[in-house]
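Summary of structural features
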Amino acid sequence: MATESKLPPARPLSEFIGNVSLYSIPRINENQGLSKLTRRVKRNLLYFQTNYFSAMFSIFLIFGFRSPKRWLMGFGLLSMTAVLVSIVNMASRSGPHHLAAVPCVLTLSGLLVLYSFLGLIPSFLVTLGSVLIPVSAMLVHAAMRKQGIRNQLNWVTELVGLRHTVMAELLNALSASVDDIGKD
């Protein structure tokens, strides 16, 4: 029986941003490699996930409101590209003979996406930026934010519940298992 995903409550802004002493550039030593940094990023992504989703959504909306026409056109272009890639992917899994059956459709779709892309590069960049900027900011914050005392105490009490959240499912889908997070 699958458990239902939930979002934990948002952390206070004072805890999310904290003071300067709670930030450091992660050190990567030869003995531990990236495991300590990976564990820090996963913990912060899980612990502050509601704050991260809120910030990402806010930045996404800011991009959308600043230039809605470009944002929507870029989103449409990304959608067309994704549909074309999925069609080619499904057809190639079925065998090469399925690709030969629809060359005209694939050629016209490819030309349409290419023509749209060339004409809509600014729109594409606005949409791409509205996705990549918040994701990059989230990952940088998660990598640099050390755990404070309050964070560590809450982490211990909430660990089991955090494994059944939206961010935990997203990390598991990206092959970044959250099962090893509690180990130190």
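This report concerns the structure included in the present document. Since this is a predicted model, take the numbers as computed values, not measurements. Every chain begins its residue count from 1, and numbering advances along the sequence as written. It should be noted that, the model being predicted, local features are given only for residues of pLDDT at least 70 and side-chain atom pairs only at 80 or more, the latter also being counted only at that level, while totals for whole chains, interfaces and linings use all residues. Computation of side-chain values: all heavy atoms of the structure, hydrogens and water removed.

1. Let's talk about the overall build of the protein
When you go through the protein residue by residue, the secondary structure sums to nine helices and zero strands. Secondary structure follows DSSP: runs of H or I at least 4 residues long count as helices, runs of E at least 2 residues long count as strands, and numbering of each begins at the N terminus. Each helix and strand of the protein, placed in order from N terminus to C terminus, yields the pattern α-α-α-α-α-α-α-α-α. Categorising residues by exposure relies on relative accessible area from a 1.4 Å probe, with only protein chains included: less than 20% of the type maximum marks a residue as buried, more than 50% marks it as exposed, and the intermediate range marks it as partly exposed. Looking at the protein as a whole, 29% of its 184 residues are labelled buried. Put simply, of all contacts in the protein between residues at least 6 apart along the chain, 83% involve residues at least 24 apart. Within the structure as shown, the protein displays about 12,000 Å² of accessible surface, and the carbon and sulfur contribution to it stands at 70%. Any two residues whose heavy atoms approach within 4.5 Å at even a single point are treated as in contact. For accessible areas, the Shrake-Rupley method is used with a probe of radius 1.4 Å. Any residue's cover is judged against the shown protein chains and nothing else.

2. Let's talk about the packing of helix 2 (residues 35-47) against helix 9 (residues 166-173)
For the pair helix 2 and helix 9, interaxial distance at closest approach is 8 Å and the crossing angle is 145°. The handedness of the crossing between helix 2 and helix 9 is right-handed. Residues Lys-42, Leu-45 and Leu-46 of helix 2 lie in contact with helix 9, whose contacting residues are Met-167, Ala-168 and Leu-171. Polar here means any residue outside two lists: the nonpolar Ala, Val, Leu, Ile, Met, Phe, Trp, Tyr, Cys and Pro, and the charged Asp, Glu, Lys and Arg; Gly therefore counts as polar. Tallied by class, residues from the contact of helix 2 with helix 9 come to five nonpolar, no polar and one charged. Angles run from 0 to 180 degrees between N-to-C directions of axes, and those axes are lines fitted to C-alpha atoms, restricted for helices to the stretch in contact. Should the near helix be turned anticlockwise from the far one by less than a right angle, the crossing is termed left-handed; should it be turned clockwise, right-handed.

3. Structural notes on the nonpolar core
Side-chain atoms within 4.5 Å are what join buried Ala, Val, Leu, Ile, Met, Phe, Trp, Tyr and Cys residues into a set we call a nonpolar core. Counting residues in hydrophobic clusters, the biggest one holds 13 residues, and the most contacted among them are Leu-45, Tyr-52 and Met-167. Element by element, the count of residues in this core is highest for helix 2, at four residues. Not counting residues within four places of it along the chain, the set of residues in contact with Leu-45 comprises Tyr-52, Met-138, Leu-139, Ala-142, Met-167 and Leu-171.

4. A closer look at the side chain of Thr-50
Among the structural elements, Thr-50 can be located in helix 3 (residues 49-66). Residue class for Thr-50 comes out buried when judged on its relative accessible area of 13%. In this structure Thr-50 touches Leu-7, Pro-8, Pro-9 and Ala-10, once residues within four positions along its chain are discounted.

In short, the description is geometric, and any link to function would need to be established separately.
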